[in-house]
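# Structure assessment
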Amino acid sequence: MGSDHIELTGLVVRGHHGVFAHEKRDGQDFVVDLVVWTDLRAAAASDDLADTVDYGNLADVVVAVVGGDPVDLIETVAERVAAAVLAADGRIRRVRVTLHKPSAPIPHRFDDVAVVVTRTPARPAGGSSAAGGDGSPAVGSGR
């Protein structure tokens, strides 16, 4: 896999995820960092948006998922974002989603809580991409 990639960082989305009732009721801002690996040579040569993955569309996909149906765990949200991004454009060879929950209900001072998932498209004929595309564990821990 090549090293070409597109990064979208610091996308703020209001969501209603968490294990506590007040999190689902009141909601909070989540911050998403997204990296998608794709071959950028055709776009560089043609200077045509049709030849690349449109990061505006990626942002729309992320907003729809994070702002969508509430779940308990940010691991679930990150997994859903990764799946939706991979489904959005068949040219994406790998995606890394970092989902930050800066207002997590932790009774201590902290800078950030985040989970990171890395996924590749499902392999044809029953293949799986359960581990991260770089061989590392795919899911972090958090609420």
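Please read these numbers as outputs of a predicted model, since none were measured by experiment.

Residues Leu34, Val66, Val85, Val97 and Leu99 are the most contacted members of the largest nonpolar core, which totals 30 residues. When residues of this core are assigned to their parent elements, the largest contribution, seven residues, is made by helix α4 (residues 74–88). Contact partners of Val97, with chain neighbours within four places excluded, come to Val32, Asp33, Leu34, Ala78, Val81, Ala82, Val115, Val116 and Val117.

The next subject is the packing of helix α3 (residues 55–66) against α4. Running from amino to carboxyl end, α3 crosses α4 at an angle of 145 degrees, the nearest separation of the two axes being 9 Å. Every pair of crossing elements has a handedness; the one defined by α3 and α4 is right-handed. Residue-level inspection shows Leu58, Val61, Val62, Val65 and Val66 of α3 in contact with α4, the latter providing Val77, Arg80, Val81, Ala84, Val85 and Ala88. Residues belonging to the contact of α3 with α4 are distributed by class as follows: ten nonpolar, no polar and one charged.

Moving on, we come to a nonpolar patch on the surface. A contiguous nonpolar surface patch, about 210 Å² in accessible area, is contributed by Val19, Phe20 and Leu73. Structurally, Val19 is set in the loop between β1 (5–15) and α1 (21–26).

For the rest of this paragraph, the subject is the confidence of the model for the protein. Taken residue by residue, the protein gives an average pLDDT of 88. The fraction at 70 or more is 85%. Low pLDDT (under 50) marks residues 126–143, which in the prediction has 41 contacts with non-local residues, meaning those over four places away or in another chain.

A full pass over the atoms with the stated rule returns zero aromatic pairs. The positively charged end of Arg94 is found above the aromatic ring belonging to Trp37, 4.2 Å away from the centroid.

So, on to α4. Over its 15 residues, α4 runs 21 Å from end to end, which matches the ideal 21 Å to within 8%, given 1.5 Å per residue. Ile74, Glu75, Val77, Ala78, Val81, Ala82, Val85 and Leu86 are the residues of α4 that are buried. An end-on view of α4 places all buried positions within 165 degrees of arc, on one side of the element.

Attention shifts here to the pattern of salt bridges. All told, the structure shown has seven salt bridges when counted by the stated rule. Residue Asp26 is joined to Arg25 by a salt bridge in which the shortest nitrogen-to-oxygen separation is 2.9 Å. Residue Asp89 pairs with Arg91 through a salt bridge whose shortest N-O separation is 2.7 Å. According to the relative accessible area criterion, Asp89 is buried, its value standing at 14%.

Thresholds applied
- Residues numbered from 1 in each chain as written.
- Predicted model: local features only at pLDDT ≥ 70, side-chain atom pairs only at ≥ 80, totals over all residues.
- Heavy atoms only, no water.
- Core = buried A, V, L, I, M, F, W, Y, C linked by side-chain atoms within 4.5 Å.
- Buried < 20%, exposed > 50% of the residue type's maximum accessible area, 1.4 Å probe, protein only.
- Helix = DSSP H or I, 4+ residues; strand = E, 2+ residues; numbered from the N terminus.
- Contact = heavy atoms within 4.5 Å.
- Axes fitted to C-alpha atoms, helices over the stretch in contact; angles between N-to-C directions.
- Left-handed = near helix turned anticlockwise from the far one by under 90°.
- Nonpolar A, V, L, I, M, F, W, Y, C, P; charged D, E, K, R; others polar.
- Patch = residues over 30% accessible without salt bridge, like charges linked within 9 Å, V, L, I, M, F, W, Y side chains within 5 Å.
- Areas by Shrake-Rupley, 256 points an atom, 1.4 Å probe, with all protein chains shown as cover.
- Salt bridge = Lys/Arg side-chain N within 4 Å of Asp/Glu carboxyl O.
- pLDDT = per-residue confidence, 0-100.
- Phe/Tyr/Trp six-rings, centres within 6.5 Å; stacked < 30°, edge-to-face > 60°.
- Lys NZ or Arg CZ within 6 Å of the ring centre and 35° of its normal.
- Expected span 1.5 Å × (residues − 1).
- Arc of directions from axis to C-beta.

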